[in-house]
Amino acid sequence: MLIRSVLTHPCMAFVAVVVACLCSRTFYPLNNFPMYADPGPEPSKFVMVSDAQDAPVDIQSLTGETSAKVGKKYVSERNKLATAAGIEKADEATPEICAEAWQKVAQSLVPLAERRRKSLPDSLKLKIGEIYQEDGAFREEYREIGIAALTKKEAAPQP
Amino acid sequence: MRTASYLPSLVGRTEAFFLRVGLVAIVLWSVWTPSKYDSVPEPVGLASWHVPVAWIGREGMHPWFLAGTMLAGLVYVLSLWRPGWLTLLSLLGLTVAHVGYWTLANSQRNTFHGSQMTSLVLVAQLVAFGIMEVRTRRGIPPDPRWPGLDSVLLYFSQCAIAGVYVVCALTKVFKSKGRWLVDSHYFAKSVQKVWRQLYFDNPSSGDYAGISPWASWMLEHPMLSRLLFAPGFFLELFAFVLIWNRAWAAGWGIALILLHFGISVIMQLEFPEFQMIVLVFCVNVPYWLLRLRKRAV
């Protein structure tokens, strides 16, 4: 009787949302909201998209995608390729896999720029920046992932 | 009549009208701009079950999509005077529009959390409608637990909101193995990371170059940083008080809205849809104004 009374209480909707979100992890709109959940000394990462000459590109105004989104897409693609290659830890993906992942993501930016009638450079380079917090100071390091040659359907007008 | 704790509050028709208008306004605001995407490279949610969502982003589709969402919203508000299948259809329409639009956006190899609360509120309202419909068809009379459709719609919406915040806090506890508060001074580099990301969005503008003043301050004051983040964590963890009663919903809701303002100032992370949903269903300004008016009369 007590169990039935508890289970038919309307606040079970709250319990259901919590359990479903924690269990599903990511099944839109269910999510366990993992952002900023594990602070620690590990470096915080960001991405820089540049042209072949290392000049940073205004990726958001050209494609509508923020650099953070480009970074997430790259990580997702790299993880997918690493899994397909049988690599257990995606962080240990080979440079070739990383470059291939970037080639795919960079190419996927082309139609986004075209829809905005903007033109991307012929090549896009991806660098991952790492920020370390040590002894009361920040330290930054950059690592090049790859350079992608872009295939464009047609010449889009210049921004 | 005073409502017992953790039970749905009685919702009158005027208040229900404003709640429905508020939800429809948020859904329309959320899907107002055409989707940037017309394919699903990495399907999530319903898209992973082969439910088509890419059509929402096809060229020329958005005006029709928006018109359909507006129609569903209008019917949802008007069905307050004619409850039944019209409420179900319109609520279903709003849910399909919002969940579909954001499933498409989240199927692009990256996750965006800013709209999930609205989608969850819509799904929760659909479930609430289903329960109330079954009770009506079975001839079960209203009782304090299930007093009426709009009372339960409000209550389930609050449950979804509270659930999202509590999940955020629990994930922090689980992922950091209980060290979130102790290690929260490390958010200095997270703040700086966001600063760098914003700079590299449009580097030619020169905005966000150098070091974030907040990151710099946090770097110099680790203990104060921990104290700065602690209230936010507890606001999330104890968000279940949102369903305690109206006063707690309003008070905690205001605190959560302020929390988001604080996060947007320090970390440049904005969650306007969360704030609007909390404003409508927790702070619930029309209810308090109606109550003041009633007292004055």
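Reading guide: rules and limits
Residues numbered from 1 in each chain as written. Chains lettered and ligands numbered in written order. Predicted model: local features only at pLDDT ≥ 70, side-chain atom pairs only at ≥ 80, totals over all residues. Heavy atoms only, no water. Helix = DSSP H or I, 4+ residues; strand = E, 2+ residues; numbered from the N terminus. Rg over C-alpha atoms; globule rule 2.2 N^0.38 Å. Buried < 20%, exposed > 50% of the residue type's maximum accessible area, 1.4 Å probe, protein only. Contact = heavy atoms within 4.5 Å. Areas by Shrake-Rupley, 256 points an atom, 1.4 Å probe, with all protein chains shown as cover. Domains from an automatic or database assignment. Pairing = 2+ DSSP bridges. Axes fitted to C-alpha atoms, helices over the stretch in contact; angles between N-to-C directions. Phe/Tyr/Trp six-rings, centres within 6.5 Å; stacked < 30°, edge-to-face > 60°. Parallel < 35°, antiparallel > 145°, perpendicular 65-115°, else oblique. Left-handed = near helix turned anticlockwise from the far one by under 90°. Nonpolar A, V, L, I, M, F, W, Y, C, P; charged D, E, K, R; others polar. Salt bridge = Lys/Arg side-chain N within 4 Å of Asp/Glu carboxyl O. Patch = residues over 30% accessible without salt bridge, like charges linked within 9 Å, V, L, I, M, F, W, Y side chains within 5 Å.

## A word on the overall build of chain B
In terms of helices and strands, chain B carries 11 helices and zero strands. N-terminal to C-terminal, the α/β element order of chain B is α-α-α-α-α-α-α-α-α-α-α. Its C-alpha atoms give chain B a radius of gyration of 21 Å, within 12% of the compact-globule value 19 Å for 297 residues. Each of the three principal axes of chain B carries a C-alpha extent, and together these read 65 × 50 × 40 Å. Residue burial in chain B is summarised as follows: out of 297 residues, 53% are buried. Considering only contacts in chain B between residues 6 or more positions apart, those separated by 24 or more positions represent 74%. Put simply, chain B shows about 13,800 Å² of open surface, and 69% of that area lies on carbon and sulfur atoms.

## Section: the domain arrangement of chain A
According to the domain assignment, chain A contains domain 1 (1-38) and domain 2 (40-149). The C-alpha-based centres of domain 1 of chain A and domain 2 of chain A are spaced at 34 Å.

## A few points about the sheet that holds strand E3 (residues 44-50) of chain A
Residues and elements named next belong to chain A. Read across the sheet, three strands follow the order E3-E4-E5 without closing on themselves; strand pairing throughout is antiparallel. Of all the strands in the sheet, just E3 and strand E5 (137-149) have a single pairing partner and so form its edges. The mean inter-strand angle of the sheet, taken between neighbouring strand axes irrespective of direction, is 20°. When E3 meets strand E4 (residues 123-134), the two strands line up antiparallel, connected through seven bridges. Along E4, the bridge assignment pairs lysine 45 with glutamate 130.

## Brief notes about the packing of aromatic side chains
Tallied over the entire structure, the rule returns 27 aromatic pairs over all chains. Their ring planes at 75° and their centres at 5.3 Å tell us that phenylalanine 233 of chain B and phenylalanine 234 of chain B sit as a pair that is edge-to-face. Assessed through its relative accessible area of 7%, phenylalanine 233 of chain B is described here as buried. Through a chain of ring-to-ring contacts, the aromatic side chains of Tyr36 of chain A together with Trp180, Phe187, Phe229, Phe233, Phe234, Phe238 and Phe240 of chain B assemble into a single cluster.

## Considerations on the packing of helix H1 (residues 13-30) of chain B against helix H4 (residues 116-137) of chain B
Residues and elements named next belong to chain B. Axis separation between H1 and H4 bottoms out at 11 Å; the angle between their running directions is 135°. Put simply, H1 runs oblique to H4. The crossing of H1 and H4 is left-handed. Across the interface between the two elements, Leu23, Ile26 and Val27 from H1 touch Thr118, Val121, Leu122 and Gln125 from H4. Considered class by class, the residues forming the contact of H1 with H4 number five nonpolar, two polar and no charged.

## A few points about the pattern of salt bridges
Close approach of charged atoms allows side chains of opposite charge to pair. Summed over the entire model, instances satisfying the criterion amount to 21 salt bridges over all chains. Across the pair aspartate 54 of chain A and lysine 127 of chain A runs a salt bridge, and its minimum N-O distance is 3.4 Å. Of the two residues, aspartate 54 of chain A is situated in the loop between E3 and helix H3 (59-63) and lysine 127 of chain A in strand E4; the sequence distance between them amounts to 73 residues. One salt bridge connects aspartate 183 of chain B with arginine 179 of chain B, and the closest N-O pair in it is separated by 3.0 Å. Look at aspartate 183 of chain B and you get buried, because its relative accessible area is 10%. Through salt bridges that share partners, Asp54, Lys125, Lys127 and Glu144 of chain A make up one connected network.

## Points about a nonpolar patch on the surface
Residue and element names in this part refer to chain B. Together, Trp85, Leu89, Leu92 and Val96 make up a nonpolar patch on the protein surface, roughly 440 Å² of accessible area in all. Summarising the element assignment, tryptophan 85 is placed in helix H3 (residues 85-106). For tryptophan 85, a relative accessible area of 61% translates into the label exposed.

## Description of the pairing of E5 of chain A
Residue and element names in this part refer to chain A. As judged from the 12 bridges shared by E4 and E5, these two strands associate in the antiparallel manner. Within the sheet, the bridge partner assigned to leucine 124 lies in E5 and is alanine 148. Connecting E4 to the antiparallel partner E5 that follows it, the hairpin turn spans two residues, and aspartate 135 within it adopts a positive phi of roughly 50°.

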